[in-house]
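Summary of structural features
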Amino acid sequence: GYVQKPISLCSSQEGMAAPEKNATMISEPHKYFPTQIKHIVDVADAISPDAIGLPDDQSYPVIDISQWLNPSMSSDKERENVVNQVLEEATTGGSFNIIGHGIDDALFDRLYTAARSFFSMSLEQKMGFSSGDNLIGYVANRNESVASIHKSGSPQKQKDLRETFSMSYPPNNIDGNVRGHTHEFHNAMAEYIEQLQSVEKAIKQIFTAALSAAKGIDLPATYLKDVEEDATGLLRASRYPSTPGFEDATKLLPHSDFGTITILASSEEGLEEIRDGRWYKVPMRKGELHVSVGEVYTMWSNGLFKNNIHRVSKEAKKDRISFPYFTSQGKLSSNESVMDDGISPICSNGEEPRFPRVSPESHGMHYISVLTGKANE
Ligand SMILES: O=C(O)CCC(=O)C(=O)O
Ligand SMILES: [Fe+2]
């Protein structure tokens, strides 16, 4: 459909004085976020490097999104209530769990079983599912390093202690070429990605409504989904094995995701995040999915939505499997000349923009070569 973009209300309004326009403009977000994260992590680590559980398991925010999946069967008031809950969490910890997403337990059971069977193959067999592109197919343990982006942790160059198998949505040529195509694991992942589409759509409509309400402007209901244009989603099955020599190391060092929204499923606890300035364990109960805000949403909301800072604990069980779905990873290996240039921050009347115009693709490409060790920064 037709997308009016950008709704760049942050640029100076008719008749408004803007003497210090752009005074606080962050011109290089890919340098700003690592610094911001390092600072927040240092402060949290000083309180305690170890995460604590919430005093009461029930106090972790769990939001039922079913009313947005079936708008015709719910009232405006009910949907507004969901928007208010999401707004509260998105502007504080930058994350929450959801229920009422409509995805069957049976599909999750199939996913985890197929993932266990896939990852239990020999390294040589699994390497047969590598595409050579780190974003699609199999990537072995200790091949990526979020720490090299965020310069977090010690030693600074610690590699991520996980192996992954990834698929994009919609599927592209590389997906088809990965031999995993014939594997049951590939089928289960494809089905899960398909089902995630309506969940993603509902969540992005809720975030759109939250942004409209908070900024006092009227955005089209599907705005935050439509502006991504043809950004592709990426589902990554991740397994965190115990790695000799790294038994006491954090498995995935602190970072925030660089896209818009991440929807995470996990069979085990082990995810930890910063809330109110300190590390907390994220409870992952059966049937719940975890939703977190990425850096692009922080920028598009002009700092209103908080990029969630998280890590995977050194205590995560060795057979822990998780499935982060990065809803707009972007076409990171595509031709730069046709890159979507995204949108400017959405602001309330008179609010000054703090971030430049950006797309998930343009923001992500600054990180990805560092993540995969193809560049040194
Ligand atoms: O495995 C998890 O729980 C989190 C993974 C994660 O943060 C990521 O892949 O960005
Ligand atoms: Fe992450």
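Residues numbered from 1 in each chain as written. Chains lettered and ligands numbered in written order. Predicted model: local features only at pLDDT ≥ 70, side-chain atom pairs only at ≥ 80, totals over all residues. Heavy atoms only, no water.

Let's talk about the overall build of the protein chain
Put simply, the rule reads: Helix and strand definitions here come from DSSP, where helices need a minimum of 4 consecutive H or I residues and strands a minimum of 2 consecutive E residues; each element is numbered from the N-terminal end. Any residue under 20% of the maximum accessible area for its type is buried, any over 50% is exposed, and the rest in between are partly exposed; the area is computed with a 1.4 Å probe on protein chains only. Throughout, the Shrake-Rupley method with a 1.4 Å probe supplies accessible areas, and for residues the shown protein chains are the sole cover considered.
Helices and strands together make up the secondary structure of the protein chain, namely 11 helices and 12 strands. Here the protein chain holds 377 residues, and 53% of them are scored as buried. When the accessible surface of the protein chain is totalled, it reaches about 16,400 Å², and 50% of it is carbon and sulfur.

Thoughts on helix 1 (residues 29-47)
Quick reminder: α-helices carry 3.6 residues per turn. Residues three or four places apart thus point the same way. Put simply, the test is: Each residue after the first adds 1.5 Å to the expected span of a helix. Each direction from the helix axis to a C-beta atom contributes to the arc, which is the arc of those directions.
The first and last C-alpha atoms of helix 1 sit 27 Å apart over 19 residues, in line with the 27 Å expected at 1.5 Å per residue. Among the residues of helix 1, those classed as buried are P29, H30, F33, P34, Q36, I37, V41 and A44. Seen from one end, helix 1 has its buried residues packed into an arc of 165°, which puts them on one side. Along helix 1, the residues that are exposed and aim more than 90 degrees away from the buried face are T35, H39 and A46.

Details of unusual backbone geometry
Between Y169 and P170 the backbone carries a cis peptide bond, its omega angle lying at -5°. As for its placement among the helices and strands, P170 is situated in the loop between strand 4 (163-169) and helix 7 (173-177). Phi is positive for D276, close to 50°, though the residue is something other than glycine. Its place among the elements puts D276 in the loop between strand 8 (271-275) and strand 9 (278-281). For D276, a relative accessible area of 75% gives the class exposed. A positive phi angle, close to 60°, is found at N302, a residue other than glycine. Assignment of secondary structure puts N302 in the loop between helix 10 (295-300) and strand 11 (310-312). Looking at N302, the relative accessible area reads 5%, which means it is buried.

Some thoughts on the pairing of strand 5 (residues 233-239)
For a regular strand, the rule is simple: side chains alternate between the two faces of the sheet. The criterion, for reference: Pairing between strands is defined by DSSP: at least two bridges between them are needed.
Buried residues dominate strand 5, accounting for 6 of its 7 residues. Where strand 4 lies against strand 5, 7 bridges are found, and the strand directions are antiparallel. The residue of strand 5 that forms the bridge with T164 is S238. Taken together, the 4 bridges between strand 5 and strand 12 (residues 321-326) define a ladder with antiparallel strand orientation. Its bridge partner lying in strand 12, S238 is registered against S322.

Overview of helix 8 (residues 184-215)
So the rule is basically this: Two axes enter the definition of the bend at a residue: one is fitted to the seven residues ending there, the other to the seven starting there, and the bend is the angle between them.
Taking 1.5 Å of rise per residue, 32 residues should cover 46 Å, and helix 8 covers 46 Å from first to last C-alpha, within 8% of that figure. Of all the bends in helix 8, the greatest measures close to 30° and is centred on L196. Two residues or fewer past helix 8, G216 is found with a positive phi of approximately 70°.

Here we look at the coordination of the iron ion (ligand 2)
Rules: The rule for donors is simple: an N, O or S atom within 2.8 Å of the metal counts, and for Na, K and Ca the reach is 3.2 Å. Water is not among the atoms, so a site may look short of donors.
The protein atoms that coordinate the iron ion (ligand 2) are H255 (NE2), D257 (OD) and H310 (NE2), at distances spanning 2.1 Å. Written as a sequence motif, the donor residues of the iron ion (ligand 2) are H-x1-D-x52-H. Its relative accessible area of 7% is what places H255 among the buried residues.

Overview of the sheet that holds strand 11
Threshold: Orientation is described by axes fitted as lines to C-alpha atoms, over the contacting stretch for helices, and by angles from 0 to 180 degrees between their N-to-C directions.
Strand order in the open sheet formed by 4 strands is 6-11-8-9, with antiparallel pairing between adjacent strands. Whereas interior strands pair on both sides, the edge strands pair on one side only; in this sheet they are strand 6 (252-255) and strand 9. Pairwise comparison of adjacent strand axes, ignoring direction, gives a mean angle of 20° for this sheet. In terms of strand pairing, strand 8 meets strand 9 through 4 bridges, oriented antiparallel. Counted as the bridge partner of E273 is Y280 from strand 9.

As for the packing of aromatic side chains
Rules: Planes of paired rings set the category: under 30 degrees apart is stacked, over 60 is edge-to-face and the rest tilted, where pairs are Phe, Tyr or Trp rings (Trp by its six-membered ring) whose centres lie within 6.5 Å. Distance and angle both matter: a charge sits over a ring if NZ of Lys or CZ of Arg is within 6 Å of the ring centre and within 35 degrees of the ring normal.
In this structure the tally under the stated criterion is 19 aromatic pairs. Measuring from ring centre to ring centre gives 5.5 Å for F207 and Y297, while their planes differ by 50°; the resulting arrangement is tilted. Of this pair, F207 sits in helix 8 while Y297 sits in helix 10; the two residues are 90 residues apart in sequence, bridging distant segments of the chain. Pairing F207 with F305 gives two aromatic rings, centres 5.2 Å apart and planes at 90°, and the pair type is edge-to-face. Of this pair, F207 sits in helix 8 while F305 sits in the loop between helix 10 and strand 11, placing them 98 residues apart in sequence. Ring-pair connections join several aromatic residues into one group, and the members of that group are F118, F119, F129, Y138, F165 and F185. Above the plane of the ring of W68 lies R79, whose end atom (NZ or CZ) is 6.0 Å from the centre. Stacked on the ring of W279, the Lys or Arg R311 has its end atom at 3.8 Å from the ring centre.

Remarks on the pattern of salt bridges
Cut-off, in case you're wondering: The term salt bridge refers to a side-chain nitrogen of Lys or Arg lying within 4 Å of a carboxyl oxygen of Asp or Glu.
Applying the stated criterion across every chain yields a total of 19 salt bridges. A salt bridge links R79 to D76; its shortest N-O distance comes to 2.6 Å. Of the two residues, R79 and D76 both sit in helix 3 (residues 76-90), 3 residues apart, roughly one turn of that helix. D76 sits in the exposed class, given a relative accessible area of 58%. Between R285 and E288 there is a salt bridge, with its nearest N and O atoms 3.0 Å apart. Each of the salt bridges in this network shares a partner with another, and the network as a whole consists of E200, K204, K225 and E228.

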